[in-house]
Amino acid sequence: MSEPTLPKAYDFSTTEKRLYEWWEKSGFFKPVSDPKTPHFDPNQKTFVITIPPPNVTGELHLGHAMFVSMEDLMIRHARMNGYSTLWVPGSDHAGIATQLQVEKMLVREGTSREQVGRAEFLRRTWEWKEKYGGMIYQQIRRLGASCDWDRTRFTLDEGLSRAVREAFVRLYEKGLIYRGLRMINWSPGLKTAVSDLEVEYSEENGTLYYFKYMLADGSGDYIPVATTRPETILGDSAVAVHPEDERYQRFVGKKVVVPILGREIPVIADEYVTREFGTGGLKVTPAHDPNDYALGKKHNLAFISMLDTSAKVNENGGPYQGMDRFDCRKKLWADMKAAGLVIKEEPYVIKVPRSQRGGEIVEPMISTQWFVSIKPLADAALEAVRNGSIKIVPERFTKVYYNWLENIEDWCISRQLWWGHRIPVWYCKDCGEMICTRQDPTVCPKCGSQHLEQDPDVLDTWFSSGLWPFSTLGWPEKTPDLDYFYPTSVMETGYDILFFWVARMIMMGIEFTGKPPFHTVYLHGLIRDEHGQKMSKTKGNVIDPLGVMDEMGTDALRFTLLVGSTPGNDANLSLKKVEANRNFANKIWNVGRFIIGTVEDAPKTASGKPDWTLADSWIWARLQELIRTVDRLFETYQYGEAGRQIYDFLWSDFADWYVEIAKLQMASGGDRAHYTAVTLVRVLDTVLRLLHPFTPFVTEELWGHLKKSAASLKDATPTDGWENALMIAHWPKAQAVEGWEEDKIAAFNRVQDVIRAIRNARTEKKVTPGKRITAIVAAGDHLSVFNDQRKSLTSLAYLDESQLVLTDKITSVPEGALSLLVAGVEVYLPLAGMVDADVERARMEKELAEAESQITRLRGLLSSDFASKAPAALVEKERAKLAAFEETAAKIKAQL
RNA sequence: GGGCGGGUAGCUCAGUUGGUUAGAGCACAUCGCUUACACCGAUGUGGUCGCAGGUUCGAGUCCUGUUCCGCCCA
């Protein structure tokens, strides 16, 4: 073969950047049918994904790497299958996260958000965004993402802001958005409301405080009450007991006195109270507890807010005013102890509501906020999944989805932040009119006043991301993109944002476009470390995808993420795995390198028609099987299994067996060499296509070389010719089964079994690989197969061809030969001096015993109901096995 | 409290209409630089598929119960 022009090991570092730039420059990332071009064909079927927008100033982590790999896989697969494929990239302004980063920067500068003011703060934030906002896109590119970068969107860009405005106004006009005083979760550190979803409950060691609620009548009687948050006593407006609790029935309707403050509050009866919990007496703080809030509404109690926006005690806290909530807890309790009101304290595990961001303890508070009446939207979103318009993969998440939407509460969408979409509502300072319009108002439509003031709040970031699948395509404008690409196809994202995002996109998609925004939701799992631990900076087990790519290549990382995961299940990632897949990339490279070199030296044409060898037929049949399997797996979203199948085929079937045999076939020269080269090229071409969505770089690079070297090889051209690039090449199409395949596969497997048996015997007898040995093979009915594969046998089992005897049956067993019985074939290895008769006899006896135990098992099986009830083909298979074991046993007996 | 997922080789995991000798990678052992690849090749060791019942001719796979781990919801 000619001097190899390709490096010995795949060099991803120089390849990846070059290929990516070429792909992008060539316009391969764009849909083949594009409304923005003159040759647009509206009838061309589409495949569309809108990217889960990462935080605009965020940095790439494995979660991103996961979704990018998965979506790029889907996108590349669809593109190769002829869809007009669009993957819309973009990012999210991430209200809280970004604002916090900028605030931190301001603090470092010795100033603050409040000091610089709102306008300046926003200017600085945009500056920050411009500076760091492009980073994540570069990092996504490194993963090979084939997004249409010309369609990149940002949730705060002009178009999307218009979409948000339109969505808000429509909901407002429909009466589905309202402003009201409600109980919400308040983050004292951020000084903003957060939604229910943004609160996480952690179990922590706390204390249950028992104390006396003294009756106001001066009788000295009291109701014992237990609480985990004593400071909220300052906001109590009732004590509740169960109506059938005979301990306290007599108190119902009387008054009790709030400790320290001396306020008188009623004792009420409600079945909500659990008699078994604590003392059975419940203090009710309607303004600081969601359950008490409901009780307060029901019993018409006073709502006493006792905390300010920093969670310090306010004027309702009397002597405690100005104290921090936790200081107040201590002080109040001490004061109560002094007043003789304390009964006891006991350790208690409490569920502490913490902010998803930052982890501070959030306070349930009453506050004026904006809400979406979610029920009508939720009902439509439920229906879309129930009637199959949207399918969730894996299916089990549909139950989770139903459960959440069926019990959904109104969505608090206002945030007391500056970075975000400002709520499009103005208040007239003169008449109090509330104005919500698509255009900024200048005069009050009611009184004509020009003293208008816009609501200071911004919208929850998820409000804008909920519009993402259609706002990115131009909605509310009726753009050609929207018309052609919407609804999108698949929403691929992590199951952790099923509620946050997926459900909201479905609700808003149906509400605003009348159509579900996608037909399939594919949920992937979370990436954990190699022992299943969540990655975190504090644990120090974070794997940086950029570092991994630097070290082992993008393909290795992608393949690991894609093949190492099953839909909806968390996946553990270890560098060991990535390393194994880097090796796989290198394997691909080297198989390709060999084939390219081989093809260059092969006869470019043949003088006659193809005369396929058993190995040729076998690999071809296996390849067709592979394509069918991979197609089936892709249809059911089993990408990991599909990748594994290709991996096994390429490494085990193709590289380990076919390529080795092909070397021999090439040595024959002439037509044999020509057609072997053709087979090598066609198999490699097909496998590279199948593999491309998983490992785009190494496959593209190699394919380019293959194409060049195989261009002049007659009969090797793919059905649709050699396309300009692998990424836009056609996906392989499996040939229909022609009937010969099964026999060829079985015949080749027999040859493999014999070769393996000989290799095994050699190793056991410690025959060095360099030593060629003699063999006599009595192949019976399979003789022609072995004659055909004579060279393969010789080479792969390291035999001495000049002494190899292939025959149908043997009359006398050679003296001192090792005898192997495999798949109905007898093999004798006359290993002079290496065979110990006693040892051999023992080995043969062991084999006989094994065969006989199988015979017993199979006879039992075949005489049971199995024979009559199992499918005929299966029974036949077992009968054949039995026959084979019987034959083996008979032959061993003859030798013993 | 309700729901979901997982428990398969030393480790990490596959195993999707139940088909009868359960697979891979890593690790380990022995051997080998045979001109694609030592990021390699050959061979081998290693599993009563959490436990107990059941359905079935046949169960890692379906059903019931149970235990441990994890997650979600309240």
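Above this text you will find the structure in question.
Attention in this report is confined to the structure presented alongside it. None of the values given here were measured: they were computed from a predicted structure.

Conventions adopted
- Residues numbered from 1 in each chain as written.
- Chains lettered and ligands numbered in written order.
- Predicted model: local features only at pLDDT ≥ 70, side-chain atom pairs only at ≥ 80, totals over all residues.
- Heavy atoms only, no water.
- Helix = DSSP H or I, 4+ residues; strand = E, 2+ residues; numbered from the N terminus.
- Buried < 20%, exposed > 50% of the residue type's maximum accessible area, 1.4 Å probe, protein only.
- Contact = heavy atoms within 4.5 Å.
- Areas by Shrake-Rupley, 256 points an atom, 1.4 Å probe, with all protein chains shown as cover.
- Lys, Arg positive; Asp, Glu negative; His and termini not counted.
- Charge placed at Lys NZ, Arg CZ, Asp CG, Glu CD.
- Pairing = 2+ DSSP bridges.
- Axes fitted to C-alpha atoms, helices over the stretch in contact; angles between N-to-C directions.
- Near = heavy atom within 4 Å.
- Polar contact = N/O pair within 3.5 Å; in protein donor to acceptor, adjacent residues only side chain to side chain.
- Nonpolar A, V, L, I, M, F, W, Y, C, P; charged D, E, K, R; others polar.
- Core = buried A, V, L, I, M, F, W, Y, C linked by side-chain atoms within 4.5 Å.
- 1 Å grid on protein atoms, 1.4 Å probe; cavity = no way out; pocket = protein on both sides within 12 Å on 5 of 7 lines; lining within 4 Å.
- Points joined across faces, edges and corners; volume = space filled by probe spheres on them.
- Bend = angle between axes of the 7 residues up to and from the residue.
- Parallel < 35°, antiparallel > 145°, perpendicular 65-115°, else oblique.
- Expected span 1.5 Å × (residues − 1).
- Phe/Tyr/Trp six-rings, centres within 6.5 Å; stacked < 30°, edge-to-face > 60°.
- Lys NZ or Arg CZ within 6 Å of the ring centre and 35° of its normal.
- Salt bridge = Lys/Arg side-chain N within 4 Å of Asp/Glu carboxyl O.

### Looking at the overall build of chain A
Thinking step 1. Of regular secondary structure, chain A possesses 28 helices and 29 strands.
Thinking step 2. Relative to its 896 residues, chain A shows a buried fraction of 54%.
Thinking step 3. Looking at chain A alone, contacts between residues at least 24 apart form 77% of all its contacts between residues at least 6 apart.
Thinking step 4. By element, 50% of the accessible surface of chain A is carried by carbon and sulfur atoms, the whole surface being about 39100 Å².
Thinking step 5. Once the 109 positive and 121 negative side-chain charges of chain A are each reduced to a mean point, those two points are 1 Å apart.

### Structural notes on the sheet that holds strand S23 (residues 520–524)
Thinking step 1. Pairing is parallel across the open sheet formed by three strands, whose spatial order is S15-S23-S22. Each of the sheet's edge strands pairs with one partner strand only, and the pair in question is strand S15 (391–393) and strand S22 (490–494). When strand polarity is set aside, the average angle formed by the axes of neighbouring strands in this sheet is 20°.
Thinking step 2. Two elements, S15 and S23, share three bridges in a ladder whose sense is parallel. Residue Ile392 lies in a different strand from S23, and its bridge partner there is Val521.
Thinking step 3. Docked against the sheet, helix H2 (residues 62–80) engages S22 and S23, running at close to 160° with respect to S22.

### Quick look at the protein's contact with RNA strand B
Thinking step 1. Around RNA strand B lies a shell of 50 residues, among which Lys351, Asn572, Arg644, Phe866 and Lys869 are the nearest.
Thinking step 2. Taking all atoms of RNA strand B within 4 Å of the protein, the share assigned to sugar and phosphate is 63%.
Thinking step 3. Thr566 places a polar side-chain atom, nitrogen or oxygen, 2.9 Å from a phosphate oxygen of RNA strand B.
Thinking step 4. Contacts to RNA strand B include Asn583, whose side-chain N or O atom sits 3.0 Å from a sugar or linking oxygen.
Thinking step 5. Contributing elements (two or more residues each) for the surface near RNA strand B: helix H11 (397–406), helix H18 (575–601), helix H20 (639–667), helix H23 (741–764), helix H26 (837–863), helix H27 (866–869) and helix H28 (872–895).
Thinking step 6. For the surface near RNA strand B, the residue count by class is 17 nonpolar, 12 polar and 21 charged.

### Concerning the nonpolar core
Thinking step 1. Within the largest apolar cluster, 202 residues are counted, with the highest numbers of intra-cluster contacts made by Phe168, Leu405, Phe463, Phe654, Phe786, Leu793 and Leu829.
Thinking step 2. When residues of this core are assigned to their parent elements, the largest contribution, 13 residues, is made by H20.
Thinking step 3. Other than its neighbours up to four places away in sequence, Leu793 contacts Val754, Ile755, Ile758, Val777, Phe786, Tyr798, Leu799, Leu804 and Leu806.
Thinking step 4. Counting residues in hydrophobic clusters, the runner-up holds 33 residues, among them Trp186, Phe251, Met365 and Phe371.

### Some details on empty space enclosed by the protein
Thinking step 1. For the structure shown, the criterion picks out four cavities of 30 Å³ or more.
Thinking step 2. For the second largest cavity, the calculated volume is near 50 Å³.
Thinking step 3. Lining the second largest cavity are Ile527, Thr560, Leu561, Gly564, Ala571, Asn572, Leu573 and Lys577.
Thinking step 4. For the lining of the second largest cavity, the secondary structure elements donating two or more residues are helix H17 (554–563) and strand S25 (571–572).
Thinking step 5. Tallied by class, residues from the lining of the second largest cavity come to four nonpolar, three polar and one charged.

### Things to note about H20
Thinking step 1. At Phe654, H20 shows its maximal kink, close to 45°.
Thinking step 2. Phi for Gly669, located one or two positions after H20, is positive at around 70°.

### A closer look at the environment of Asp611
Thinking step 1. Tracing the backbone through its elements, the reader meets Asp611 in the loop between H18 and helix H19 (614–635).
Thinking step 2. Each C-alpha atom, one on Asp611 and one on Lys331, is 95 Å from the other, the two residues being 280 residues apart in sequence.

### A closer look at the packing of H18 against helix H22 (residues 696–710)
Thinking step 1. Orientation of H18 relative to H22, taken along the N-to-C sense of each, is 5°, at an axis distance of 9 Å. The orientation of H18 relative to H22 falls into the category roughly parallel. For the pair formed by H18 and H22, the contact residues are Ala585, Ile588, Trp589, Gly592, Arg593, Ile595, Ile596, Val599 and Glu600 on the first element and Val698, Glu701, Leu702, His705, Leu706, Ser709 and Ala710 on the second.
Thinking step 2. Grouping the amino acids of the contact of H18 with H22 by side-chain chemistry returns 10 nonpolar, three polar and three charged.

### Side note on the pairing of strand S5 (residues 177–187)
Thinking step 1. With eight of 11 residues buried, S5 is to be regarded as a mostly interior element.
Thinking step 2. Here S5 runs beside strand S14 (residues 363–372); their pairing, made up of 10 bridges, is antiparallel. Paired with Trp186 across the two strands is Glu363, which belongs to S14.
Thinking step 3. Of the pairings in the sheet, the one linking S5 to strand S6 (residues 192–194) comprises three bridges and is antiparallel in character. The residue of S6 that forms the bridge with Ser187 is Thr192.
Thinking step 4. Hairpin remark: S5 followed by S6, antiparallel, with four residues in the connecting loop; positive phi at Lys191, about 55°.

### A word on the sheet that holds strand S9 (residues 238–241)
Thinking step 1. The four strands are arranged S10-S11-S9-S12 in an open sheet whose pairing can be described as mixed. Pairing within the sheet leaves two strands with one partner each, and these edge strands are strand S10 (255–257) and strand S12 (281–284). For this sheet, the mean inter-axis angle between neighbouring strands, taken without regard to orientation, is 35°.
Thinking step 2. Across three bridges, the pairing between S9 and strand S11 (residues 264–269) is parallel. Across the sheet, Val239 pairs through a bridge with Val267, a residue of S11.
Thinking step 3. Relative to S12, helix H8 (residues 290–299) is tilted by about 85°, and along the sheet it contacts S11 and S12.

### Comments concerning H28
Thinking step 1. Taking 1.5 Å as the rise per residue, H28 with 24 residues should run 34 Å; its terminal C-alpha atoms sit 35 Å apart, in good agreement.
Thinking step 2. When we look at burial in H28, the residues that qualify are Val875, Glu878, Leu882, Thr888, Ala889, Lys891 and Ile892.
Thinking step 3. Buried-residue contacts for H28 involve strand S28 (818–822), strand S29 (825–829), H26 and H27.

### Here we look at the packing of aromatic side chains
Thinking step 1. Enumeration according to the criterion identifies 50 aromatic pairs in this entry.
Thinking step 2. Their ring planes at 70° and their centres at 6.3 Å tell us that Tyr20 and Trp23 sit as a pair that is edge-to-face. Within this pair, Tyr20 and its partner Trp23 are both found in helix H1 (residues 12–25), separated by three residues, close to a single helical turn.
Thinking step 3. Relative accessible area serves as the criterion here: at 6%, Tyr20 is assigned to the buried category.
Thinking step 4. Here the aromatic rings of Tyr137 and Trp149 are separated by 5.7 Å at their centres, their planes lie at 65°, and the arrangement is edge-to-face. Here Tyr137 is found in helix H6 (residues 135–142), whereas its partner Trp149 is found in the loop between H6 and strand S4 (153–154), with 12 residues between them in sequence.
Thinking step 5. Among the residues examined, Trp149 registers a relative accessible area of 11% and is labelled buried.
Thinking step 6. Ring pairs connect the aromatic residues Tyr522, Phe559, Phe584, Phe634, Tyr637, Tyr639, Tyr647, Trp651, Phe694 and Trp731, which therefore count as one cluster.
Thinking step 7. The side chain of Arg141 reaches across the aromatic face of Trp149, ending 4.2 Å from its centre.

### A short note on the side chain of Asp800
Thinking step 1. Structurally, the position occupied by Asp800 is in the loop between helix H25 (790–796) and strand S27 (805–807).
Thinking step 2. Within the buried set, Asp800 has no salt-bridge partner at all; the shortest N-O distance to an opposite charge, 7.3 Å, is to Arg772.
Thinking step 3. Within polar-contact distance, the side chain of Asp800 engages the side chain of Ser802 at 2.7 Å.
Thinking step 4. Ignoring anything within four residues of it in the chain, the contact list for Asp800 reads Arg772 and Ile773.

### Overview of the pattern of salt bridges
Thinking step 1. Scanning the model with the defined rule gives 62 salt bridges in all.
Thinking step 2. A salt bridge links Arg151 to Asp481, with the nearest nitrogen and oxygen atoms 2.7 Å apart. Of this pair, Arg151 sits in the loop between H6 and S4 while Asp481 sits in helix H14 (residues 480–485), and the two are 330 residues apart along the sequence. No difference in accessibility class separates Arg151 from Asp481, as the two residues are buried.
Thinking step 3. With its nearest N and O atoms 3.9 Å apart, the salt bridge here joins Arg582 to Glu579. Of this pair, Arg582 and Glu579 both sit in helix H18, three residues apart, which is roughly one turn of that helix.
Thinking step 4. Arg582 gets classed as partly exposed once you look at its relative accessible area, which sits at 31%.
Thinking step 5. Residues joined by salt bridges that share partners form a network here, namely Lys30, Asp34, Lys36, Asp148, Asp150, Arg151 and Asp481.

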